[in-house]
Structures are given as C-alpha cells and as structure tokens.
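Summary of structural features
Now for the letters of each chain:
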Amino acid sequence: THILQERRYEMNLAENYGKEFEQKLSSLLITQSNEHIIYRIPDQMSGRKGSKNPCDFIFYSYPNIFWLECKSTVNPGWSISELDKFQLESMREYSKTKGSFSYVLLLFVCEPSVFAIPISTIDYLIENGIGTININKLRKGKYERDFIEVPLAKNRSYIPDFAPEALDVLLKLPNISP
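Residues numbered from 1 in each chain as written. Predicted model: local features only at pLDDT ≥ 70, side-chain atom pairs only at ≥ 80, totals over all residues. Heavy atoms only, no water.

The next point concerns the overall build of the protein chain. Check the secondary structure of the protein chain and you find six helices and eight strands. Starting at the N terminus and walking to the C terminus, you meet the elements of the protein chain as α-β-β-β-β-α-β-β-α-β-α-β-α-α. Residues classed as buried in the protein chain amount to 44% of the 178 residues present. Within the protein chain, residue pairs in contact and separated by at least 24 positions form 62% of the contacts whose partners lie at least 6 positions apart. (Helix = DSSP H or I, 4+ residues; strand = E, 2+ residues; numbered from the N terminus. Buried < 20%, exposed > 50% of the residue type's maximum accessible area, 1.4 Å probe, protein only. Contact = heavy atoms within 4.5 Å.)

Averaged over every residue, the pLDDT of the protein chain is 83; residues scoring 70 or more account for 82%. Looking over the protein chain, one finds the lowest element-wise mean pLDDT in helix α1 (residues 2-30), namely 68, and the highest in strand β4 (residues 77-79), namely 96. (pLDDT = per-residue confidence, 0-100.)

As a further point, take the sheet that holds strand β8 (residues 148-150). If you walk across this open sheet you meet the six strands as β1-β2-β3-β5-β6-β8, and the pairing is mixed. Whereas interior strands pair on both sides, the edge strands pair on one side only; in this sheet they are β1 (37-40) and β8. Ignoring which end each strand starts from, the neighbouring axes of this sheet average 25 degrees apart. Bridge analysis of strand β5 (residues 100-108) against strand β6 (residues 113-118) gives six bridges, and the strand direction is antiparallel. Looking at the pairing, Leu107 lines up with Val114 of β6. (Pairing = 2+ DSSP bridges. Axes fitted to C-alpha atoms, helices over the stretch in contact; angles between N-to-C directions.)

What follows covers the packing of aromatic side chains. Inspection of the entire model under this criterion finds five aromatic pairs. Judged by centre distance (6.3 Å) and plane angle (80 degrees), the rings of Phe108 and Phe115 are edge-to-face. Phe115 matches Phe108 in its accessibility class, with the two residues each being buried. Taken together through their ring pairs, the aromatic side chains of Phe59, Phe66 and Phe101 make up a single cluster. A cation sits over an aromatic face here: Arg40 above Phe57, 5.4 Å from the ring centre. (Phe/Tyr/Trp six-rings, centres within 6.5 Å; stacked < 30°, edge-to-face > 60°. Lys NZ or Arg CZ within 6 Å of the ring centre and 35° of its normal.)

Written out as structure tokens, the structure reads:
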C-alpha cells in the first residue's frame, strides 16, 4: 500500500508540474502571436485515461504546423506508455503530411530539462522494445536517435521559464528531425 500511495503522489506531482509546464509553453508560443497561431486543445474533464485529443497544442508558423504533446515526470525516467494510444496514432498520422510535424515535449522535473522528441523517435523506441526514456541515458546518447533539448532559463522555479532562444529552437525542429 505504501508503494501505491507513493506512486499516486508522484503522479499528482507530475500532473501539477505538467499543467504549469503547459502554461509556460503557451506563454512562450504566444509571445509573437502576430507571426504564429497557437491553439491549446482543452483538456477533457472525464478523469479517465484515454484522451480523445490528438495533443495539447496545435502551433502554426508558416509554412509548418506542429502537433505538440506535453509530458512531465518527477523521476529520471518517463514511460512511453504515458502517451495515449489515440494520441500516438493521431500524431503519427498528422506527421505524414508535408509541413506537418508531431513532437512530445518531455519535461524532466528532476533536472529540470525539456526535450523535443519527434513522434518518429517514439516509434523507433517502441519498435526496439524501449519503453522508458531515461534522462541519464539520453544525456549519454544511448538511444541512437536525436533528442532536441529546448533551452530553459536559469531561474530557481521547479518549472523554469523557457529561455529566450527556446522559440527559435522549436521553429527549427523540422530542419533537425530524424
């Protein structure tokens, strides 16, 4: 029972950090709203696992559209199974269109660090039996795929703000994706 309570506590922490992370991403993307269009897809309030939303954000910056799903973990590892099957399938499908790119933006609260992970990399990991993304292995290049780090500001918040250059990194993602 103690382990179950600890797991629930970690899940609640990750969810709270996840909401703050989404707010900070929204603030970053909205900073130049005359050059971009951002739409935050409202969360479903059913309280059940199994989202019918394809992702958290749709972000358009000519000529590209980005499908962005935000995930966070308080642990050094994140289970790919946290990505809903519907989301994975939707993002996979959207990525087939020219100029359309799907990413999971993964926040490791323990570091803190944010990585943009192309949906094709998630597929690669699944196909190769890798079910968890570990920040230590990621930093050592153990996954044979590129993970793009999104710069964070050096502030003392649990969820730091994005660094000023973070938007440029996100806009360049199509040029550096595998």
